[in-house]
Structures are given as C-alpha cells and as structure tokens.
Amino acid sequence: TQSTRPQRLLSAVQKNATRGNPRSVVRAIDEFCRHKEWAMNVGDEKGCILDSIVSEVNPVTVLELGTYCGYSTVRIASLLPPNAKLITLEFNPDFAAIARQVIAWAGLQDKVQLVEGSSGDWIPKIQEQFGINTFDLVFLDHWKDRYLPDTKLMEKCGLLRKGSVLVADNVICPGTPDYLEYVRSSPCYKSQYFISHLEYTKAEDGLEKSVFLG
Ligand SMILES: CCc1ncnc2c1ncn2[C@@H]1O[C@H](/C=C/CNC(=O)c2cc(-c3ccc(F)cc3)cc(O)c2O)[C@@H](O)[C@H]1O
Ligand SMILES: [Mg+2]
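Residues numbered from 1 in each chain as written. Chains lettered and ligands numbered in written order. Predicted model: local features only at pLDDT ≥ 70, side-chain atom pairs only at ≥ 80, totals over all residues. Heavy atoms only, no water.

K.L.:
I'm lost on the overall build of the protein chain in this one. Help?
P.N.:
Helices and strands together make up the secondary structure of the protein chain, namely 10 helices and 7 strands. Against the compact-globule benchmark of 17 Å for 214 residues, the protein chain has a radius of gyration of 16 Å, which places it among compact chains. With respect to the three principal axes, the spread of C-alpha positions in the protein chain is 50 × 40 × 35 Å. For the protein chain, restricting intrachain contacts to residue pairs at least 6 apart in sequence, the fraction spanning at least 24 positions comes to 71%. Of the roughly 9600 Å² of accessible surface on the protein chain, 52% is carried by carbon and sulfur atoms. Across the protein chain, the centroid of the 24 positively charged side chains sits 4 Å from that of the 26 negatively charged ones. (Helix = DSSP H or I, 4+ residues; strand = E, 2+ residues; numbered from the N terminus. Rg over C-alpha atoms; globule rule 2.2 N^0.38 Å. Contact = heavy atoms within 4.5 Å. Areas by Shrake-Rupley, 256 points an atom, 1.4 Å probe, with all protein chains shown as cover. Lys, Arg positive; Asp, Glu negative; His and termini not counted. Charge placed at Lys NZ, Arg CZ, Asp CG, Glu CD.)

Written out as structure tokens, the structure reads:
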C-alpha cells in the first residue's frame, strides 16, 4: 500500500537524523520538506522566532495544540529545562502515531505527553488528568478556526495566568482573522506580530505572541 507523507517524513528522520539528537531531527525534517515534499511544519524561519520566544519565557509547563508530525514539539521540548513538561494534543491517530516516533527518535519522550483527542474535549480535563494548573506557554498550530474558541476555553478553565504567553502560527497564511482581532483588541492581552514567511516558501506569514494580562 502507498505510504503517506507523514510516514515518508518519519522515514527521512530515521534515515538522516541521529537518535537522541533533537537538532538533527529538526534539520532532517526541514531538509525533507524543502527538497522532497512540503509539509505544514512551522519550519526553520518561524522556528527560530519560536525558539527565541521559548528561550525568553523558559517555560516549565507548555501546551501545544496540533502535534501533526511533532516538528514543533521536538523544537520546543529541546529547549525546556529538565523538570519542564510539554503536553501536545493531536486528534488524528495516524499523525499521533508518527509524532510519537519522531519525538522518541529525538529522545524527548520523557518531557512530552502526547494526548490523542480533540482540544475541545481535552482542555477542560488537563488540570485533573495531568496535575497542571496553568501553562506558561501555549503554541497554537491546529485548525485555524479553532484558535479563538480554544483560547476562550483555556481562559474559562483557568489554564492561563498573568504572564502566560500564547504563540500562534499562521496568523497570515492560511490566516486566523477572528483570533487576531481578539488578541489584538482585548484588554486582557498584549500582542506582538513577528513577520516571517510561510514554511519553505517566499509567501508572507508570521507568528503572533500574546501575553495574557489576567
Ligand atoms: C478540533 C481541534 C483539534 N484537536 C486536536 N488536534 C487537532 C485539532 N484540529 C486540528 N488538529 C490537528 O492539528 C494539525 C492541523 C494543523 C492545521 N494546520 C494547517 O492547516 C496549516 C496549513 C498551512 C498551509 C497549507 C497550505 C497552504 F497553501 C498554505 C499554508 C500551513 C501551516 O503552518 C498550517 O499549520 C493536524 O495534525 C490535525 O490533526
Ligand atoms: Mg502551522
């Protein structure tokens, strides 16, 4: 049977990256997507901006919405302090299976908890299930029309505290207009746009960093 793109991406990691070396996993995926097959990873250009925000926040608790193949999961988790935890939500079982193997190849499985299911179902259960009260950092990279409802849900569930940082991918391409309008006009957020390019292309895209003011 035909392989899927995520399966081919995983094969490229297993072939070209060194086990236990997250940077080599990130590099292998970027090479694959630049030279073989485009895939919707945050990519290296936006990835460097993400790295700088993660390093500045130095989060102990991280939530990622939309794991896909685990590229940004590996990128973020590789920068976390030893006691830190990253929870990543992914509702497609095939993508989740690939991401688990990518995360394991990077040697980051002890820092990452991949939860299979939809963000809407899981956000209300995180506190009781994982003993996490609030998130220092949230990376939004799932369906673009879910950014706003899930942000409101996180607020309602008390998962954000004064200073929590939201980083949203694709605010220009494909675009998340309702989310952008919300975080830029709400008095509860201080937002900043980091201009960049759509992964592996010359099209404009960017990340929006929004600090929750409580
Ligand atoms: C139900 C809530 C919920 N709960 C849990 N997991 C969820 C979920 N909703 C979605 N997922 C999973 O997240 C990932 C989806 C990610 C969606 N991302 C883009 O669509 C995207 C597109 C472009 C682009 C494409 C084509 C172009 F021409 C230009 C740009 C570029 C990008 O960087 C992009 O992120 C998949 O793994 C879903 O299974
Ligand atoms: Mg994206």
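Next comes the rest of the description.
K.L.:
What should I look at first to understand the coordination of the magnesium ion (ligand 2) in this one?
P.N.:
Tetrahedral coordination by four donors puts the ideal angle at the metal at 109.5 degrees, and octahedral coordination by six puts it at 90 or 180 degrees. Listed as protein donors to the magnesium ion (ligand 2) are Asp 141 (OD), Asp 169 (OD) and Asn 170 (OD1); their distances from the metal cover 2.0 to 2.2 Å. Sequence spacing of the donor residues for the magnesium ion (ligand 2), all on one chain, is D-x27-D-N. Taken as a pair, Asp 169 and Asn 170 share a single burial class, namely buried. (Donors = N, O, S within 2.8 Å, 3.2 Å for Na, K, Ca; no water. Buried < 20%, exposed > 50% of the residue type's maximum accessible area, 1.4 Å probe, protein only.)

K.L.:
Just checking my understanding: could you explain the site of ligand 1 for this structure?
P.N.:
Near ligand 1 you find 23 residues, and of these Glu 90, Asp 141, Lys 144, Asn 170 and Glu 199 are the closest. The contact in question runs from an oxygen atom of ligand 1 to an N or O atom on the side chain of Glu 90, over 2.5 Å. Measuring from an oxygen atom of ligand 1, one finds a side-chain N or O atom of Lys 144 at 2.9 Å. Here ligand 1 has 790 Å² of accessible area as a free molecule, and 83% of this is covered by the chains. Elements with a contribution of two residues or more to the shell around ligand 1: strand 2 (85-90) and helix 9 (171-175). By residue class, the composition of the shell around ligand 1 is 10 nonpolar, 7 polar and 6 charged. (Near = heavy atom within 4 Å. Polar contact = N/O pair within 3.5 Å; in protein donor to acceptor, adjacent residues only side chain to side chain. Nonpolar A, V, L, I, M, F, W, Y, C, P; charged D, E, K, R; others polar.)

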